[in-house]
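Each chain is listed here by its residues.
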Amino acid sequence: MKNRYQSLIDIAGLIIVGIAVYLVGTALTDTSVAGKGMNSADFKQRVSYRYVIKSVEPSAKMEVKWGESGYEESSANIVTSIVVNYRGFDTLGEVLVLFASSAAVSLLILKRVPKKTFPPTQIMTSSVPLVNLLVFILGSFIILHGHLTPGGGFPGGAIIASGVILMALVFKKAFRPQMYLMLESIAGMGILIAGLLGLMYGESFLKDFFPAGQIGELFSSYFAMILYTLIGIKVAVEISNIGFHFISESKGEEAV
Amino acid sequence: MTAFIVVIGTVMCAGGIAVLFVRSLRSAAVINGVVSLLAALVFVMMKAYDVAITEAAIGAFLSTALYFFAIRRIDEAKDKKGAGDGDEE
Amino acid sequence: MNVLTVFLITAGALMAIGVFGILTRSNIIKILLSINILQTGVNLLLIALGYRDGGAAPIITSQVSSAVAMVDPLPQALVLTSIVIAFGTTAVGLVICLNYYMTHKSLDVHTFGNEEREHQQKEVVD
(Lines give C-alpha, C1' and ligand atoms only; values in the text may rest on other atoms or scores of the structure.)
Protein backbone atom coordinates (compact mmCIF):
# COMPACT_ATOMS: atom_id res chain seq x y z
CA MET A 1 0.00 0.00 0.00
CA LYS A 2 1.59 3.21 -1.07
CA ASN A 3 1.63 6.09 1.29
CA ARG A 4 -1.29 8.35 0.42
CA TYR A 5 0.69 11.52 0.81
CA GLN A 6 3.72 10.36 -1.16
CA SER A 7 3.37 12.92 -3.96
CA LEU A 8 2.87 15.72 -1.43
CA ILE A 9 6.00 14.62 0.40
CA ASP A 10 7.89 14.56 -2.91
CA ILE A 11 6.86 18.09 -3.82
CA ALA A 12 7.65 19.39 -0.34
CA GLY A 13 11.08 17.78 -0.48
CA LEU A 14 11.70 19.28 -3.89
CA ILE A 15 10.80 22.76 -2.66
CA ILE A 16 13.04 22.46 0.40
CA VAL A 17 15.99 21.20 -1.64
CA GLY A 18 15.41 23.88 -4.28
CA ILE A 19 15.48 26.66 -1.68
CA ALA A 20 18.62 25.21 -0.12
CA VAL A 21 20.40 24.95 -3.48
CA TYR A 22 19.47 28.52 -4.34
CA LEU A 23 20.70 29.91 -1.04
CA VAL A 24 23.97 27.96 -1.00
CA GLY A 25 24.64 28.64 -4.67
CA THR A 26 24.24 32.39 -4.44
CA ALA A 27 26.25 32.53 -1.24
CA LEU A 28 29.19 30.64 -2.70
CA THR A 29 29.38 32.38 -6.05
CA ASP A 30 28.84 35.91 -4.82
CA THR A 31 31.93 37.79 -5.83
CA SER A 32 31.20 41.01 -4.03
CA VAL A 33 31.77 39.38 -0.66
CA ALA A 34 35.33 38.74 0.43
CA GLY A 35 36.89 35.70 -1.14
CA LYS A 36 36.04 36.20 -4.81
CA GLY A 37 34.16 32.95 -5.05
CA MET A 38 35.31 29.38 -4.59
CA ASN A 39 38.66 28.03 -5.64
CA SER A 40 40.27 31.41 -5.93
CA ALA A 41 43.14 31.34 -3.47
CA ASP A 42 46.55 31.60 -4.95
CA PHE A 43 48.22 28.21 -4.96
CA LYS A 44 51.49 29.56 -3.63
CA GLN A 45 49.79 30.81 -0.49
CA ARG A 46 48.03 27.62 0.47
CA VAL A 47 49.25 25.24 3.15
CA SER A 48 49.61 22.47 0.58
CA TYR A 49 52.40 24.42 -1.10
CA ARG A 50 54.51 23.74 1.99
CA TYR A 51 53.69 20.06 1.66
CA VAL A 52 54.72 20.02 -2.00
CA ILE A 53 58.11 21.64 -1.55
CA LYS A 54 58.69 19.77 1.72
CA SER A 55 59.90 22.78 3.63
CA VAL A 56 58.59 25.62 5.75
CA GLU A 57 61.19 28.16 4.78
CA PRO A 58 59.44 31.31 3.62
CA SER A 59 61.84 31.85 0.76
CA ALA A 60 62.44 28.28 -0.31
CA LYS A 61 64.01 28.14 -3.72
CA MET A 62 64.77 24.47 -3.65
CA GLU A 63 63.07 22.21 -6.03
CA VAL A 64 62.33 18.67 -4.94
CA LYS A 65 63.63 16.42 -7.66
CA TRP A 66 63.68 12.71 -8.31
CA GLY A 67 66.80 11.05 -6.96
CA GLU A 68 67.88 13.61 -4.40
CA SER A 69 68.00 13.15 -0.68
CA GLY A 70 68.21 15.26 2.42
CA TYR A 71 64.69 16.65 2.57
CA GLU A 72 62.61 16.43 5.68
CA GLU A 73 60.35 13.81 4.12
CA SER A 74 61.47 11.35 1.51
CA SER A 75 58.50 9.87 -0.24
CA ALA A 76 57.79 10.61 -3.87
CA ASN A 77 54.00 10.47 -3.53
CA ILE A 78 52.98 13.72 -1.91
CA VAL A 79 49.55 12.46 -0.82
CA THR A 80 51.27 9.59 1.03
CA SER A 81 53.55 12.02 2.81
CA ILE A 82 50.53 14.02 3.92
CA VAL A 83 48.54 11.00 5.10
CA VAL A 84 51.35 9.23 6.91
CA ASN A 85 53.69 11.94 8.04
CA TYR A 86 52.29 15.44 8.09
CA ARG A 87 48.73 14.49 9.07
CA GLY A 88 49.38 11.13 10.67
CA PHE A 89 47.06 11.82 13.56
CA ASP A 90 44.05 11.98 11.24
CA THR A 91 45.01 8.58 9.86
CA LEU A 92 45.10 7.23 13.39
CA GLY A 93 41.57 8.54 13.88
CA GLU A 94 40.41 6.92 10.67
CA VAL A 95 41.83 3.56 11.70
CA LEU A 96 39.97 3.98 14.97
CA VAL A 97 36.68 4.64 13.14
CA LEU A 98 37.09 1.50 11.04
CA PHE A 99 37.82 -0.52 14.16
CA ALA A 100 34.71 0.89 15.83
CA SER A 101 32.52 -0.02 12.85
CA SER A 102 33.96 -3.55 12.71
CA ALA A 103 33.31 -4.02 16.43
CA ALA A 104 29.78 -2.64 16.08
CA VAL A 105 28.97 -5.11 13.29
CA SER A 106 30.31 -7.99 15.39
CA LEU A 107 28.21 -6.99 18.36
CA LEU A 108 24.94 -6.18 16.64
CA ILE A 109 24.55 -8.90 14.05
CA LEU A 110 21.73 -11.35 14.67
CA LYS A 111 21.59 -15.04 13.99
CA ARG A 112 20.89 -16.08 10.48
CA VAL A 113 18.34 -18.73 9.61
CA PRO A 114 19.74 -20.19 6.41
CA LYS A 115 17.36 -21.56 3.88
CA LYS A 116 18.26 -23.92 1.10
CA THR A 117 21.53 -22.85 -0.50
CA PHE A 118 23.24 -24.16 -3.56
CA PRO A 119 26.75 -25.64 -3.29
CA PRO A 120 29.41 -23.69 -5.18
CA THR A 121 29.80 -24.74 -8.78
CA GLN A 122 32.84 -26.18 -10.48
CA ILE A 123 33.69 -22.87 -12.12
CA MET A 124 33.95 -21.17 -8.76
CA THR A 125 35.95 -23.82 -6.95
CA SER A 126 38.52 -24.07 -9.73
CA SER A 127 38.90 -20.45 -10.73
CA VAL A 128 38.77 -18.65 -7.40
CA PRO A 129 42.22 -19.83 -6.20
CA LEU A 130 43.80 -18.71 -9.47
CA VAL A 131 42.09 -15.32 -9.43
CA ASN A 132 42.93 -14.84 -5.76
CA LEU A 133 46.61 -15.34 -6.49
CA LEU A 134 46.53 -12.28 -8.72
CA VAL A 135 44.34 -10.39 -6.26
CA PHE A 136 46.73 -10.92 -3.33
CA ILE A 137 49.76 -10.00 -5.42
CA LEU A 138 48.05 -6.83 -6.63
CA GLY A 139 47.00 -5.88 -3.12
CA SER A 140 50.47 -6.39 -1.70
CA PHE A 141 52.03 -4.39 -4.52
CA ILE A 142 49.69 -1.47 -3.95
CA ILE A 143 50.42 -1.51 -0.20
CA LEU A 144 54.18 -1.79 -0.47
CA HIS A 145 54.62 0.83 -3.18
CA GLY A 146 52.42 3.36 -1.45
CA HIS A 147 55.15 5.98 -1.42
CA LEU A 148 56.02 5.67 -5.11
CA THR A 149 52.77 5.08 -6.97
CA PRO A 150 49.18 6.03 -6.24
CA GLY A 151 47.47 3.77 -3.76
CA GLY A 152 48.67 3.08 -0.27
CA GLY A 153 47.40 1.08 2.64
CA PHE A 154 43.67 1.66 2.34
CA PRO A 155 42.88 0.46 -1.21
CA GLY A 156 45.45 -2.32 -0.90
CA GLY A 157 43.81 -3.57 2.27
CA ALA A 158 40.38 -3.38 0.65
CA ILE A 159 41.58 -5.41 -2.36
CA ILE A 160 43.06 -8.10 -0.12
CA ALA A 161 39.83 -8.16 1.90
CA SER A 162 37.76 -8.66 -1.23
CA GLY A 163 39.94 -11.64 -2.14
CA VAL A 164 39.47 -13.11 1.33
CA ILE A 165 35.69 -12.64 1.18
CA LEU A 166 35.62 -14.36 -2.21
CA MET A 167 37.46 -17.33 -0.74
CA ALA A 168 35.10 -17.45 2.23
CA LEU A 169 32.08 -17.49 -0.08
CA VAL A 170 33.33 -20.52 -1.95
CA PHE A 171 35.21 -22.56 0.64
CA LYS A 172 33.08 -22.29 3.70
CA LYS A 173 35.34 -23.73 6.35
CA ALA A 174 38.65 -22.24 5.35
CA PHE A 175 39.33 -19.67 8.05
CA ARG A 176 39.65 -19.60 11.75
CA PRO A 177 38.64 -16.18 13.01
CA GLN A 178 40.68 -16.30 16.20
CA MET A 179 44.12 -16.26 14.62
CA TYR A 180 42.99 -13.77 12.05
CA LEU A 181 41.77 -11.28 14.62
CA MET A 182 45.01 -11.59 16.57
CA LEU A 183 46.74 -10.25 13.47
CA GLU A 184 44.59 -7.14 13.62
CA SER A 185 45.46 -6.52 17.27
CA ILE A 186 49.18 -6.89 16.57
CA ALA A 187 48.98 -4.47 13.66
CA GLY A 188 47.09 -1.92 15.73
CA MET A 189 49.60 -2.11 18.55
CA GLY A 190 52.37 -1.78 15.98
CA ILE A 191 50.96 1.54 14.83
CA LEU A 192 50.88 2.88 18.37
CA ILE A 193 54.39 1.60 19.08
CA ALA A 194 55.65 3.35 15.93
CA GLY A 195 54.07 6.55 17.19
CA LEU A 196 55.64 6.20 20.61
CA LEU A 197 59.03 5.53 19.04
CA GLY A 198 58.56 8.76 17.15
CA LEU A 199 57.92 10.45 20.50
CA MET A 200 61.07 8.92 21.94
CA TYR A 201 63.54 9.45 19.12
CA GLY A 202 61.92 12.31 17.29
CA GLU A 203 60.17 15.32 18.70
CA SER A 204 56.53 14.40 18.60
CA PHE A 205 54.07 11.56 18.35
CA LEU A 206 54.11 9.77 14.96
CA LYS A 207 57.12 11.72 13.73
CA ASP A 208 59.29 10.24 11.05
CA PHE A 209 62.54 9.55 12.90
CA PHE A 210 64.41 7.71 10.18
CA PRO A 211 67.19 9.49 8.27
CA ALA A 212 66.18 11.01 4.98
CA GLY A 213 66.43 8.71 2.02
CA GLN A 214 66.60 9.17 -1.70
CA ILE A 215 63.36 10.16 -3.33
CA GLY A 216 62.28 7.52 -5.80
CA GLU A 217 63.93 4.45 -4.34
CA LEU A 218 61.86 1.61 -2.96
CA PHE A 219 63.56 1.69 0.43
CA SER A 220 63.67 5.43 0.77
CA SER A 221 60.92 6.15 3.24
CA TYR A 222 60.92 3.44 5.89
CA PHE A 223 58.33 5.09 8.08
CA ALA A 224 55.77 5.33 5.29
CA MET A 225 56.35 1.72 4.28
CA ILE A 226 56.09 0.35 7.81
CA LEU A 227 53.05 2.40 8.70
CA TYR A 228 51.24 1.63 5.46
CA THR A 229 51.96 -2.09 5.81
CA LEU A 230 50.47 -2.14 9.31
CA ILE A 231 47.49 -0.06 8.21
CA GLY A 232 46.97 -2.33 5.20
CA ILE A 233 46.92 -5.46 7.33
CA LYS A 234 44.53 -3.87 9.82
CA VAL A 235 42.13 -2.59 7.18
CA ALA A 236 42.12 -5.95 5.34
CA VAL A 237 41.33 -7.89 8.50
CA GLU A 238 38.62 -5.51 9.59
CA ILE A 239 36.81 -5.38 6.27
CA SER A 240 36.91 -9.13 5.86
CA ASN A 241 35.62 -9.48 9.42
CA ILE A 242 32.63 -7.34 8.46
CA GLY A 243 32.10 -9.54 5.40
CA PHE A 244 32.30 -12.73 7.47
CA HIS A 245 29.62 -11.56 9.84
CA PHE A 246 27.30 -10.78 6.97
CA ILE A 247 27.63 -14.18 5.32
CA SER A 248 28.27 -16.54 8.20
CA GLU A 249 25.61 -18.97 9.30
CA SER A 250 26.43 -19.73 12.86
CA LYS A 251 27.52 -16.59 14.65
CA GLY A 252 25.52 -14.00 16.47
CA GLU A 253 22.72 -13.96 18.95
CA GLU A 254 19.18 -15.14 18.51
CA ALA A 255 16.65 -12.72 17.09
CA VAL A 256 13.99 -11.72 19.59
CA MET B 1 36.92 17.32 -22.88
CA THR B 2 34.20 19.51 -21.46
CA ALA B 3 31.54 17.70 -23.49
CA PHE B 4 32.79 14.38 -22.18
CA ILE B 5 32.50 15.52 -18.60
CA VAL B 6 29.03 16.95 -19.23
CA VAL B 7 27.88 13.55 -20.54
CA ILE B 8 29.34 11.70 -17.56
CA GLY B 9 27.80 14.20 -15.14
CA THR B 10 24.38 13.76 -16.75
CA VAL B 11 24.60 9.97 -16.50
CA MET B 12 25.60 10.25 -12.83
CA CYS B 13 22.66 12.51 -12.01
CA ALA B 14 20.28 10.24 -13.92
CA GLY B 15 21.62 7.29 -11.95
CA GLY B 16 21.17 9.19 -8.72
CA ILE B 17 17.53 9.86 -9.52
CA ALA B 18 17.05 6.26 -10.65
CA VAL B 19 18.25 4.96 -7.28
CA LEU B 20 15.29 6.62 -5.59
CA PHE B 21 12.61 5.46 -7.99
CA VAL B 22 13.27 1.87 -9.01
CA ARG B 23 11.21 -0.84 -7.38
CA SER B 24 13.75 -3.55 -6.89
CA LEU B 25 16.29 -3.04 -4.11
CA ARG B 26 19.00 -5.05 -5.82
CA SER B 27 18.77 -2.81 -8.89
CA ALA B 28 19.13 0.23 -6.68
CA ALA B 29 22.31 -1.21 -5.13
CA VAL B 30 23.76 -1.94 -8.58
CA ILE B 31 22.99 1.58 -9.80
CA ASN B 32 24.70 2.94 -6.68
CA GLY B 33 27.77 0.92 -7.63
CA VAL B 34 27.67 2.37 -11.14
CA VAL B 35 27.48 5.94 -9.80
CA SER B 36 30.46 5.19 -7.56
CA LEU B 37 32.43 3.80 -10.50
CA LEU B 38 31.69 6.88 -12.61
CA ALA B 39 32.83 9.01 -9.69
CA ALA B 40 36.12 7.08 -9.74
CA LEU B 41 36.42 7.96 -13.44
CA VAL B 42 35.83 11.64 -12.66
CA PHE B 43 38.51 11.44 -9.97
CA VAL B 44 40.99 10.22 -12.57
CA MET B 45 40.09 13.16 -14.79
CA MET B 46 40.75 15.51 -11.88
CA LYS B 47 44.25 14.00 -11.53
CA ALA B 48 43.53 12.49 -8.11
CA TYR B 49 44.81 8.97 -8.61
CA ASP B 50 44.95 7.76 -5.00
CA VAL B 51 41.35 8.75 -4.44
CA ALA B 52 40.31 7.01 -7.67
CA ILE B 53 41.80 3.66 -6.65
CA THR B 54 40.33 3.93 -3.17
CA GLU B 55 36.86 4.84 -4.43
CA ALA B 56 36.88 2.02 -6.99
CA ALA B 57 38.01 -0.59 -4.49
CA ILE B 58 35.83 0.42 -1.56
CA GLY B 59 32.85 2.28 -2.97
CA ALA B 60 32.20 0.35 -6.15
CA PHE B 61 32.94 -3.14 -4.98
CA LEU B 62 32.71 -3.65 -1.23
CA SER B 63 29.73 -1.39 -0.61
CA THR B 64 27.67 -3.04 -3.35
CA ALA B 65 28.62 -6.50 -2.05
CA LEU B 66 27.48 -5.55 1.46
CA TYR B 67 24.11 -4.39 0.13
CA PHE B 68 23.66 -7.69 -1.66
CA PHE B 69 24.49 -9.67 1.48
CA ALA B 70 22.02 -7.67 3.54
CA ILE B 71 19.21 -7.99 0.95
CA ARG B 72 19.86 -11.72 0.84
CA ARG B 73 19.40 -12.01 4.60
CA ILE B 74 16.20 -9.98 4.47
CA ASP B 75 14.85 -12.30 1.79
CA GLU B 76 15.69 -15.34 3.87
CA ALA B 77 13.92 -13.99 6.91
CA LYS B 78 10.82 -13.41 4.83
CA ASP B 79 10.24 -17.16 4.26
CA LYS B 80 11.11 -16.83 0.66
CA LYS B 81 13.95 -18.49 -1.16
CA GLY B 82 16.46 -15.84 -2.12
CA ALA B 83 16.64 -16.68 -5.78
CA GLY B 84 14.14 -14.17 -7.15
CA ASP B 85 15.08 -10.84 -8.58
CA GLY B 86 15.13 -8.31 -5.87
CA ASP B 87 12.85 -7.26 -3.17
CA GLU B 88 9.44 -6.27 -4.31
CA GLU B 89 8.79 -4.34 -1.14
CA MET C 1 31.70 27.01 -19.08
CA ASN C 2 35.01 25.54 -18.11
CA VAL C 3 35.77 22.14 -16.65
CA LEU C 4 35.76 23.28 -13.03
CA THR C 5 32.22 24.66 -13.27
CA VAL C 6 30.92 21.36 -14.66
CA PHE C 7 32.58 19.47 -11.80
CA LEU C 8 31.04 21.75 -9.20
CA ILE C 9 27.57 21.56 -10.73
CA THR C 10 27.73 17.74 -10.87
CA ALA C 11 28.81 17.50 -7.25
CA GLY C 12 26.12 19.93 -6.14
CA ALA C 13 23.44 18.05 -8.08
CA LEU C 14 24.43 14.75 -6.51
CA MET C 15 24.28 16.30 -3.04
CA ALA C 16 20.84 17.72 -3.77
CA ILE C 17 19.59 14.34 -5.02
CA GLY C 18 20.94 12.66 -1.90
CA VAL C 19 19.24 15.12 0.44
CA PHE C 20 15.98 14.76 -1.49
CA GLY C 21 16.16 10.99 -1.10
CA ILE C 22 16.70 11.19 2.65
CA LEU C 23 13.74 13.53 3.03
CA THR C 24 11.14 11.68 1.00
CA ARG C 25 11.75 7.94 0.90
CA SER C 26 10.09 5.44 3.20
CA ASN C 27 12.15 2.29 2.67
CA ILE C 28 15.14 2.37 4.98
CA ILE C 29 17.43 0.74 2.44
CA LYS C 30 16.57 3.54 0.03
CA ILE C 31 17.42 6.08 2.73
CA LEU C 32 20.80 4.40 3.24
CA LEU C 33 21.47 4.48 -0.50
CA SER C 34 20.64 8.20 -0.56
CA ILE C 35 23.15 8.77 2.25
CA ASN C 36 25.73 7.01 0.09
CA ILE C 37 24.98 9.23 -2.89
CA LEU C 38 25.26 12.31 -0.66
CA GLN C 39 28.69 11.15 0.51
CA THR C 40 29.82 10.57 -3.09
CA GLY C 41 28.73 14.10 -3.98
CA VAL C 42 30.62 15.59 -1.03
CA ASN C 43 33.82 13.80 -2.02
CA LEU C 44 33.51 15.08 -5.59
CA LEU C 45 33.02 18.63 -4.30
CA LEU C 46 36.08 18.50 -2.06
CA ILE C 47 38.39 17.34 -4.83
CA ALA C 48 36.91 19.77 -7.34
CA LEU C 49 37.90 22.62 -5.04
CA GLY C 50 41.52 21.61 -5.33
CA TYR C 51 41.60 21.35 -9.08
CA ARG C 52 43.80 23.54 -11.21
CA ASP C 53 43.65 23.90 -14.96
CA GLY C 54 46.68 22.29 -16.55
CA GLY C 55 47.92 20.90 -13.25
CA ALA C 56 49.86 17.68 -12.92
CA ALA C 57 49.24 14.85 -10.51
CA PRO C 58 50.98 15.32 -7.14
CA ILE C 59 53.61 12.62 -7.58
CA ILE C 60 57.30 13.40 -8.05
CA THR C 61 58.64 11.42 -10.98
CA SER C 62 61.71 11.73 -13.14
CA GLN C 63 59.93 14.15 -15.43
CA VAL C 64 57.96 16.03 -12.79
CA SER C 65 59.66 17.91 -10.00
CA SER C 66 58.01 20.09 -7.43
CA ALA C 67 58.35 23.22 -9.56
CA VAL C 68 55.70 22.00 -12.00
CA ALA C 69 52.19 23.27 -11.36
CA MET C 70 50.42 20.54 -9.40
CA VAL C 71 46.86 20.11 -8.24
CA ASP C 72 46.20 20.55 -4.56
CA PRO C 73 47.18 17.36 -2.68
CA LEU C 74 45.64 18.25 0.68
CA PRO C 75 41.94 17.68 -0.20
CA GLN C 76 42.89 14.30 -1.68
CA ALA C 77 44.35 13.15 1.61
CA LEU C 78 41.17 14.20 3.44
CA VAL C 79 38.87 12.54 0.90
CA LEU C 80 40.78 9.26 1.35
CA THR C 81 39.69 9.30 4.96
CA SER C 82 36.15 10.23 4.01
CA ILE C 83 35.70 7.33 1.59
CA VAL C 84 36.79 4.74 4.14
CA ILE C 85 34.54 6.23 6.82
CA ALA C 86 31.61 6.18 4.37
CA PHE C 87 32.13 2.44 3.99
CA GLY C 88 32.20 2.00 7.77
CA THR C 89 28.95 3.87 8.28
CA THR C 90 27.31 1.90 5.44
CA ALA C 91 28.23 -1.37 7.17
CA VAL C 92 26.83 -0.29 10.54
CA GLY C 93 23.74 1.16 8.85
CA LEU C 94 23.04 -2.12 7.08
CA VAL C 95 23.27 -4.03 10.35
CA ILE C 96 20.80 -1.58 11.90
CA CYS C 97 18.45 -2.11 8.92
CA LEU C 98 18.64 -5.87 9.39
CA ASN C 99 17.80 -5.58 13.07
CA TYR C 100 14.95 -3.21 12.26
CA TYR C 101 13.54 -5.78 9.88
CA MET C 102 13.86 -8.57 12.41
CA THR C 103 11.92 -6.68 15.06
CA HIS C 104 9.28 -4.92 12.98
CA LYS C 105 8.88 -7.36 10.06
CA SER C 106 8.75 -4.46 7.64
CA LEU C 107 11.16 -2.17 5.84
CA ASP C 108 8.93 0.87 6.14
CA VAL C 109 10.03 3.74 8.31
CA HIS C 110 6.47 4.71 9.17
CA THR C 111 5.75 1.52 11.13
CA PHE C 112 8.13 2.62 13.83
CA GLY C 113 5.63 4.13 16.21
CA ASN C 114 2.46 2.61 14.85
CA GLU C 115 2.81 -1.03 15.78
CA GLU C 116 -0.91 -1.51 16.33
CA ARG C 117 -1.56 -0.72 12.71
CA GLU C 118 1.09 -3.10 11.39
CA HIS C 119 -1.30 -5.82 10.44
CA GLN C 120 -3.02 -3.43 8.05
CA GLN C 121 0.04 -2.10 6.31
CA LYS C 122 1.95 -4.04 3.76
CA GLU C 123 5.47 -3.11 2.78
CA VAL C 124 5.93 -0.06 0.58
CA VAL C 125 7.98 0.39 -2.52
CA ASP C 126 9.54 3.82 -2.28
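All values reported here derive from a predicted model rather than from experimental measurement. (Residues numbered from 1 in each chain as written. Chains lettered and ligands numbered in written order. Predicted model: local features only at pLDDT ≥ 70, side-chain atom pairs only at ≥ 80, totals over all residues. Heavy atoms only, no water.)

Enquirer: Before we go on, may I ask you to explain helix H2 (residues 28-48) of chain C in this structure?
Expert: Along an α-helix, residues three or four apart share an orientation, since each turn contains 3.6 residues. Its 21 residues place the ends of H2 of chain C 30 Å apart at the C-alpha level, agreeing with the 30 Å of an ideal helix rising 1.5 Å per residue. Burial runs high along H2 of chain C: 15 of the 21 residues are buried. (Helix = DSSP H or I, 4+ residues; strand = E, 2+ residues; numbered from the N terminus. Expected span 1.5 Å × (residues − 1). Buried < 20%, exposed > 50% of the residue type's maximum accessible area, 1.4 Å probe, protein only.)

Enquirer: For this particular structure, what's the right way to read the interface of chain B and chain C?
Expert: One frequent convention defines the size of an interface as the accessible area lost when the parts assemble. In this assembly, 43 residues from chain B lie in contact with 45 residues from chain C. When the two sides are added together, the surface that chain B and chain C hide from each other amounts to roughly 4,200 Å², 79% of it contributed by carbon and sulfur. At the boundary of chain B and chain C, one finds zero salt bridges. The interface formed by chain B and chain C contains four residue pairs in polar contact (both at pLDDT 80 or more). Mapped by element, the contributors of at least two residues to the side of chain B that touches chain C are helix H1 (2-21), helix H2 (25-45) and helix H3 (49-77) of chain B. When residues in the side of chain B that touches chain C are grouped by element, the largest group, 14 residues, is from H3 of chain B. Classifying every residue of the side of chain B that touches chain C by side-chain character gives 28 nonpolar, six polar and nine charged. (Contact = heavy atoms within 4.5 Å. Buried area = accessible area lost by both parts, 1.4 Å probe. Salt bridge = Lys/Arg side-chain N within 4 Å of Asp/Glu carboxyl O. Polar contact = N/O pair within 3.5 Å; in protein donor to acceptor, adjacent residues only side chain to side chain. Nonpolar A, V, L, I, M, F, W, Y, C, P; charged D, E, K, R; others polar.)

Enquirer: I'm lost on the packing of H2 of chain B against H3 of chain B in this one. Help?
Expert: To characterise two packed helices, one gives the angle between the axes of the helices and the distance between these axes. Residues and elements named next belong to chain B. In the contact formed by H2 and H3, the axes pass within 8 Å of each other and the chain directions differ by 175°. Compared by their axis directions, H2 and H3 come out roughly antiparallel. Among the residues forming the contact of H2 with H3, the class breakdown is 15 nonpolar, five polar and four charged. (Axes fitted to C-alpha atoms, helices over the stretch in contact; angles between N-to-C directions. Parallel < 35°, antiparallel > 145°, perpendicular 65-115°, else oblique.)

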